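Read off the chains here:
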Amino acid sequence: MEAVLGHLRGAIERGDYAIGDKLPSEAELGRTLEVSRPVLREALRALQAMGLTVSRTGKGTFVVANAVEDPTFGDYAASDLLEVRRHIEIPVAGYAALRRTPDHLDRLAQLLDRMERETDTIAWVAMDTLFHLTVAEAAQNPVFRRVIEEIRDALARQSAFLNELGGRREQSNREHRAIVEALADGSEHDALAAMSHHLDRVERTLTDIVRPRRPDPAASGAPEA
């Protein structure tokens, strides 16, 4: 899927498909790129999340931008989503460290164990959003949970995007475990730090996908311009 996405993204950024152009049909792209329909659809969804294309029912997929600016997940832009998450989820983790019950810790531990064994992205993403909801529940303020519930669909879309294109799953599992360990220790300081680190890594991976680093000419031995 990453190769297909890279090919299509490159074609759009080079202008092979200009703004306003309709992409070839799924059947035609599948034949040309020699990939299955499910793989192609994942790549097309990623292009749309990046803001490069839009899908119009019954008409096809059209190019609407030639550069990635700010991916959109559901109703929310990635930058807006991350800004809100920092203001909500970091303090939520601190409150959760002070207010969590043994039941909250048991549920989070069981969830982590399942996530670390899970290999299916869709199932893992569902548990990822449940993890963040459970941390909010542990803060024992229903408003926090309501806010996370409101952005749940966007969180799931972002999580799938980062896992498919950024290989985030194992790293995210480790970050989640650090959060739960801080909650179990009742350490507000460590919980704040662990959630902040988690969101830092989300932002870094997203940035790497949106604006991939170019190879260093000096490192590759290529002459400098």
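Computed from a predicted model, the values in this text were never measured in an experiment.

Engineer: Teacher, can you tell me more about the packing of helix α6 (residues 121-138) against helix α8 (residues 152-166) here?
Structural biologist: The packing of two helices is summarised by the inter-axis angle and the distance between the axes. Close contact between α6 and α8 brings their axes to 9 Å; oriented N to C, the two are set at 130 degrees. Our classification of the angle between α6 and α8 gives oblique. At the point where α6 passes α8, the crossing takes the right-handed sense. When α6 is examined against α8, the residues T121, W124, V125, D128, T129, L130 and L133 are found in contact with a partner set consisting of R152, L155, A156, S159, A160, N163 and E164. Its residues assigned to classes, the contact of α6 with α8 shows seven nonpolar, four polar and three charged.

Engineer: What should I look at first to understand the pairing of strand β2 (residues 60-63) in this one?
Structural biologist: Remark: a regular strand shows side chains that alternate across the two faces of the sheet. Pairing of strand β1 (residues 53-56) with β2, which is carried by four bridges, proceeds in the antiparallel orientation. Among the inter-strand pairings, S55 is bridged to a residue of β2, identified as T61. Counting the residues that bridge the hairpin from β1 to β2 gives three residues, and of these G58 lies at a positive phi of roughly 80 degrees.

Engineer: Looking at this structure, I do not really get the packing of aromatic side chains. What am I missing?
Structural biologist: What describes a pair of aromatic rings is the distance from one ring centre to the other and the angle between the planes of the rings. For the coordinates displayed, the defined rule picks out two aromatic pairs. Note on F73 and F161: the rings are 5.2 Å apart at their centroids and 65 degrees apart in plane angle, and the pair reads as edge-to-face. Taken as a pair, F73 in strand β3 (residues 72-73) and F161 in helix α8 lie far apart in primary sequence, 88 residues in all. Its relative accessible area of 1% is what places F73 among the buried residues. A cation sits over an aromatic face here: R56 above F62, 4.6 Å from the ring centre.

Engineer: What's the story with the side chain of D128 in this structure? I'm lost.
Structural biologist: Inspection of the secondary structure puts D128 in helix α6. Excluding residues within four positions of it along the chain, D128 makes contact with M115, S159 and H176.

Engineer: Just checking my understanding: could you explain the pattern of salt bridges for this structure?
Structural biologist: Per the counting criterion, the structure on display carries 18 salt bridges. Here E149 makes a salt bridge to R145, at a shortest N to O gap of 3.0 Å. Separated by four residues within a single helix, E149 and R145 lie in helix α7 (residues 142-150), roughly one turn from each other. E149 sits in the partly exposed class, given a relative accessible area of 32%. Given the relative accessible area of 28%, R145 is considered partly exposed. In this structure, E149 engages R152 in a salt bridge whose closest nitrogen and oxygen atoms are separated by 3.6 Å. Given a relative accessible area of 30%, R152 falls into the partly exposed group. Three or more residues are tied together by salt bridges with common partners; here these are D103, R107, E137, R145, E149 and R152.

Engineer: Any chance you could explain the environment of D16 here in plain terms?
Structural biologist: Inspection of the secondary structure assignment puts D16 in the loop between α1 (2-14) and α2 (26-33). Given a relative accessible area of 48%, D16 falls into the partly exposed group. Residue contacts for D16: discarding those within four places in its chain leaves A11 and D21. Side-chain polar atoms of D16 contact the side chain of R14, separated by 2.9 Å.

Engineer: Hey, could you run me through helix α3 (residues 37-49) in this one?
Structural biologist: The α-helix winds at 3.6 residues per turn, so residues separated by three or four positions along the chain end up facing the same way. With 13 residues, α3 ought to run about 18 Å at 1.5 Å a step, and its terminal C-alpha atoms sit 18 Å apart, in line with that. Positioned one or two residues after α3, G51 has a phi angle of 85 degrees, which is positive.

Engineer: Looking at this structure, how should I read the side chain of R85?
Structural biologist: Along the chain, the position of R85 falls in helix α4 (residues 78-99). There is a polar contact of 2.4 Å between the side chain of R85 and the side chain of E89. Setting aside its immediate chain neighbours within four residues, R85 contacts I90, H132, I151, L155, Q158, H198, L199 and V202.

About the thresholds
Residues numbered from 1 in each chain as written. Predicted model: local features only at pLDDT ≥ 70, side-chain atom pairs only at ≥ 80, totals over all residues. Heavy atoms only, no water. Axes fitted to C-alpha atoms, helices over the stretch in contact; angles between N-to-C directions. Helix = DSSP H or I, 4+ residues; strand = E, 2+ residues; numbered from the N terminus. Parallel < 35°, antiparallel > 145°, perpendicular 65-115°, else oblique. Left-handed = near helix turned anticlockwise from the far one by under 90°. Contact = heavy atoms within 4.5 Å. Nonpolar A, V, L, I, M, F, W, Y, C, P; charged D, E, K, R; others polar. Pairing = 2+ DSSP bridges. Phe/Tyr/Trp six-rings, centres within 6.5 Å; stacked < 30°, edge-to-face > 60°. Buried < 20%, exposed > 50% of the residue type's maximum accessible area, 1.4 Å probe, protein only. Lys NZ or Arg CZ within 6 Å of the ring centre and 35° of its normal. Salt bridge = Lys/Arg side-chain N within 4 Å of Asp/Glu carboxyl O. Polar contact = N/O pair within 3.5 Å; in protein donor to acceptor, adjacent residues only side chain to side chain. Expected span 1.5 Å × (residues − 1).

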